[in-house]
Amino acid sequence: MVPESEVRDVLAELQRLRARVPLLSGALAAGVDGLVLAHDTPGVEAEGVAALTAAALGVAIRMAEATGRGGFRELLVRGETGYIATYAAGSSAVLTLLAEDRINVGRLHLEGRRAGARIGELIGPALRRAEHPAPPAHTPEQHDPRPGPLPHRT
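Predicted, not measured: the structure shown is a model, and the values here were computed from it.

S.K.: I'm lost on the confidence of the model for the protein in this one. Help?
M.R.: Detailed reading of the predicted coordinates is not advisable wherever pLDDT falls low. Residues at a pLDDT of 70 or more form 81% of the protein, whose mean pLDDT is 87. In this model, residues 147-154 is a region of pLDDT below 50 whose contacts with residues beyond four sequence positions or in other chains number zero contacts.

The structure is reproduced here in structure tokens:
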């Protein structure tokens, strides 16, 4: 789980990105599992887009690996009326951008890569902590002083 302060920072990054690139019609950050972290997607169901992004991400990762192209960096889909671009945001999240057909694709990539890196920096540590929580600390009253069985060879 990502703390609320990081979620607010990610949302602010998405809003700044949309302000810098006027032909973006939506932006969302999600975990690679398809769960929305933050979104600025007016008129679009963010949860559905995040779930579809996770599915497309799985195929893109396999394709990159199968063809020897290395780890996932980005995915671009062009429809009749615009683009859907997905960028790695650290190792545990992705940034998906919805853009109008008239967008400069080079600028979309430039801004998307930068924002993906920034979002990865913002939420990466929190997502890693959630994936690998620290073991619970033992208090003295919880410690069992009896030794466990000794290992033996069978």
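Once the structure has been displayed, the description carries forward.
S.K.: Got a minute to help me understand the pairing of strand E4 (residues 82-88) in this structure?
M.R.: In terms of burial, E4 is largely enclosed, as five of its seven residues are buried. Here strand E3 (residues 74-79) runs beside E4; their pairing, made up of six bridges, is antiparallel. Bridging from a neighbouring strand, Val77 pairs with Ile84 of E4. Counted along the chain from E3 to the antiparallel partner E4, the turn is two residues long. The pairing of E4 with strand E5 (residues 93-100) spans seven bridges and is antiparallel.

S.K.: For this particular structure, what's the right way to read the nonpolar core?
M.R.: Generally speaking, nonpolar side chains in soluble globular proteins are found buried as a group. One finds Val10, Leu24, Leu97, Leu108, Ile119 and Ile123 to be the most contacted residues of the largest nonpolar core, which totals 26 residues. Listing elements by their share of this core, those giving two or more residues are helix H1 (4-20), strand E1 (24-31), strand E2 (36-40), E4, E5 and helix H3 (105-131). Element by element, the count of residues in this core is highest for H3, at six residues. Beyond its immediate chain neighbours, meaning those up to four positions away, Leu97 contacts Leu17, Leu24, Gly26, Ala27, Tyr83, Ile84, Ala85, Tyr87, Leu108 and Gly112. Membership of the second largest hydrophobic core comes to nine residues, among which are Ala30, Ala50, Leu57 and Phe72.

Scoring rules and cut-offs
Residues numbered from 1 in each chain as written. Predicted model: local features only at pLDDT ≥ 70, side-chain atom pairs only at ≥ 80, totals over all residues. Heavy atoms only, no water. pLDDT = per-residue confidence, 0-100. Contact = heavy atoms within 4.5 Å. Buried < 20%, exposed > 50% of the residue type's maximum accessible area, 1.4 Å probe, protein only. Helix = DSSP H or I, 4+ residues; strand = E, 2+ residues; numbered from the N terminus. Pairing = 2+ DSSP bridges. Core = buried A, V, L, I, M, F, W, Y, C linked by side-chain atoms within 4.5 Å.

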